[in-house]
Every structure is written in C-alpha cells, then in structure tokens.
Amino acid sequence: MSALPPGSIIGIVGGGQLGRMSAMAAARLGYRCHILTPEPDSPAAQVSAGVTIGDFEDPAALREFAAHVDVITFEFENISAEGLDLLASLKPVRPSPHVLRISQDRIAEKSFLNASGAPTAPWRPVASLAELEAAVAVLGLPAILKTTRLGYDGKGQALLRTPGELAAAWHELSPKPLVLEGFVDFACEISVIVARSEDGATVAFDAVENTHRDHILDTTLAPARIGAPLAEAAQALACHIAERLELVGLLAVEMFVASDGRVLVNEIAPRPHNSGHWTIDACPASQFELHIRAVAGLPLPPAIRHSDAVMKNLVGVAETELWPQILATPGLIPHLYGKREARPGRKMGHATRLFPRGALPGPFGVAAALGPLGAP
Ligand code: AMP
C-alpha cells in the first residue's frame, strides 16, 4: 500500500482513550478517523469525523464501518479474529488478523514468543484440575494461574501460594483452558513500544518502568532506571518480536526485569499502550503518531525522547476529583478522556510531568513532582 494521502479516512476498531489519542494524532497529520464502537458518545468518537455504532461481532456493522474508511486499525483486542478477517476482506487491516490472533490468546502468545527465542516465565497450558496439579509439581509455588483470553488489568488471574488453593482457583477462573506461570521474582516491570512499517523499518522508544496499583498501571517512569545494557537488550527484544510477527503498526512489549537480571516477556499488545502515554509530551512524535504513520504507510521518524517523564494515571473517583488541583499545578500536563462517569478502576485520564534528560528524580522527588497526585 502506498502512503495514504491527506484527507483519507482511518478506521479504528474500538472507542476508548487509545483510539481517542490515535485520532488526535491522525488529525495532526491531516487524516480523518472513523470509529467502530457499540458505545454512544465514546472517548474516540468525540474527537473523530465519524462513527459507526455497532457490535464488533455484527457483520452488518463491520461492513458498514469498512465502507466508510480507507484503512483499518484497532485500539482494542477483544474483537474476534473472525470479525477482523471480515474487515480484512474489505479493506487493508493493520496490524493483520494474524497478529491479533497471537496476542489474544496467552497460549498462542507464549508459544510464539518462545519459538521466536523471546524468553518468558516458565509456563504450562492447563485444561483440567489434574493438569494444574501436574503443572504445579513442575513449576512449583508460588505461581500465577491466568485465563488465556480476555484478561487485562489483572482480571482473570489468581496467585497460588499453597496446594490448598488450587481447586478453588481452577473452578473460579474462566473461560478455560488456563495457563499456569511460574512466579517471577522481579526487580521491576518495564515496557518497550516499537513501531514497524510495511517496508520492515522498526523504531523503538526507550524502555520505561511501570508500577501497578490493584493490577492497573499507576505510574510510568521514562526512562526505566535500569542500566544501558539492559535497556538496549529490551529494545532489541521488542524489535525482534515485531519483526517475527511481521507487524505493520505498533506493538507494546511488557517485560519483567528478574532479580537475577534476566529480561522476560510478560505479554505483548499490538496497539498503543498506556505505558506509552508519556510520549505525547516528551517526544517529537508520540506512540500515537507512530501508530498512525505505520498504519498509513508514512515514513517512521526516530523515536526520540527530548525529556525524561513521569506519567500518572487518573483512575477511579478519588483521583478524578483532583482534576481542579491538577489543572492548577504548574508543570503537570493534564489529559482527560471525556468519559462521563468515574467508576472504581476506570481510567479517566492521566497527567505527565517532564524533566530535563537525565534529571528524573528518585521516588520522593517523583511524588513531589506529581503534586496532588503524588500523595500515597
Ligand atoms: P498480566 O495481566 O499478565 O499483565 O499481569 C498483571 C500483573 O500481574 C503484572 O503486571 C505483574 O505485576 C503481575 N504478574 C503477572 N504475571 C506474573 C508472574 N509470572 N510473576 C510475577 N508477577 C506477575
């Protein structure tokens, strides 16, 4: 596909904040976006030229959506691969349904990663309680039992500490089959976001360090406070995975830095990622611009970072109520996603604070820099 001319329409499957920020980057490049979402008044549709309100699994809605657009991407992985196949029969879809199939299913994902030479925590597929017991005998405890599909933000997983917990966890988690993962004693969690164009060029942002609260991303520090060799190894691993996927688009690779210094891949997501929101303010071209450029067939600029950054998510009611104080804090760069109602665990926005390169403060400095959001 040659470069999409200005004025073309990019279709985005999914109406959330990732679609919203992608659409805002697309607008800056002279494109229009058209969103497919079941939700009226979605964050993405609020800033887009058009929307098809319909179910992701409804062939009529998929056809109508495809008729409006020149190229299709997604910001959301819980569309069925068959739905994406239907879209791909009508318009170019980037990344391809093949990439979605791998990232949607933890067994397919881990099998692909290991076959590509990307290390992960040791794991076993488990299709019965007997298989779970056998897997625990090999991997030991503690271990983490996860659903293979539809898991996000810590949903669909259970930490197993003692043999007595196996049966309850097996019965509680669904859909089956499940995956058992050895527990990684990690020093920190990092991620790398990489873009890859149709001609095979890859560019990767610096590795960043993520902390979670209640299984939801809380803060991202850019760059990660790890040594250059580890950071470069993480970037190289992310580029390698994008190449092996033959990705056209954007890929987030979440990794553990184990306490023994190994880098292990936790999961991959072929779309913009919450741990890349800092790039809007700290980079000349953000993850969203790289996403749109890769999808539209435009050249990829280098993923340069002009500043260090701290990104803090605004999750749930209490943090969202801090909005007036956030707006009044000099240096805090506010982003709100246009969601009507804050609910526990719902990502409502984020705030970014920039520092000169090399001047990312330690934990107390970060908390202070976040002003009203820095309180524990
Ligand atoms: P996930 O849904 O796979 O991204 O897992 C959510 C969070 O659970 C991760 O960000 C980690 O903090 C933790 N976690 C997941 N898998 C493991 C593991 N194998 N060992 C230790 N912690 C894990």
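Cut-offs used in this document
- Every chain's residues receive numbers from 1 upward, in the order its sequence appears when written.
- This being a predicted model, a pLDDT of at least 70 is required before a residue's local features are given, and a value of 80 or more before pairs of side-chain atoms are given or counted; all residues contribute to the totals for chains, interfaces and linings.
- To obtain the side-chain values, all non-hydrogen atoms of the structure were used and water was disregarded.
- Two strands are said to pair when DSSP picks up at least two bridges between them.
- Helix and strand assignments follow DSSP, with helices taken as H or I runs no shorter than four residues and strands as E runs no shorter than two, numbered in order from the N terminus.
- Axis definition: a line fitted to C-alpha atoms, over the contacting stretch in the case of helices. Angles run 0 to 180 degrees between N-to-C directions.
- Note on classification: 1.4 Å probe, protein chains only; a residue is buried when its accessible area is under 20% of the maximum for its type, exposed when over 50%, partly exposed between these limits.
- N or O atoms within 3.5 Å of each other form a polar contact, as long as, within protein, one can give a hydrogen and the other can take it, and as long as residues adjacent in sequence are counted only when both atoms are side-chain atoms.
- We call two residues in contact whenever any of their non-hydrogen atoms come within 4.5 Å of each other.

J.: Any chance you could explain the sheet that holds strand S6 (residues 143-147) here in plain terms?
T.: In sheet architecture, strand pairing relies on hydrogen bonds along the backbone and comes in two forms, parallel and antiparallel. Taken in spatial order, the four strands of this open sheet run S5-S8-S6-S7, and their pairing is antiparallel. Each edge of the open sheet is held by one strand with a lone partner, namely strand S5 (123-126) and strand S7 (157-160). Between one strand axis and the next, the sheet turns by 20° as a mean value, whatever way the strands run. Note: S5 against strand S8 (residues 178-182), four bridges, orientation antiparallel. Its bridge partner lying in S8, Arg 124 is registered against Leu 180.

J.: So what exactly am I meant to see when it comes to helix H10 (residues 287-296) here?
T.: In an α-helix, one turn spans 3.6 residues, which is why side chains three or four residues apart end up on the same side. The buried fraction of H10 amounts to ten of the ten residues, a majority that puts the element mostly inside the structure. Along H10, the positions that sit buried rather than exposed are Gln 287, Phe 288, Glu 289, Leu 290, His 291, Ile 292, Arg 293, Ala 294, Val 295 and Ala 296. Capping of H10 at its N-terminal end is provided by Ser 286; its side-chain oxygen lies 3.1 Å from the backbone amide nitrogen of Phe 288. Phi for Gly 297, located one or two positions after H10, is positive at around 75°.

J.: Just checking my understanding: could you explain the environment of Ile 326 for this structure?
T.: By secondary structure assignment, the location of Ile 326 is in helix H12 (residues 323-327). Taking the relative accessible area as the measure of exposure, Ile 326 reaches 0% and is therefore buried. The sequence separation of Ile 326 and Pro 372 amounts to 46 residues, and the corresponding C-alpha distance is 6.5 Å. Discounting residues that sit within four places of it in the chain, Ile 326 has contacts with Leu 314, Glu 319, Leu 332, Pro 334, Ala 351, Pro 372 and Leu 373.

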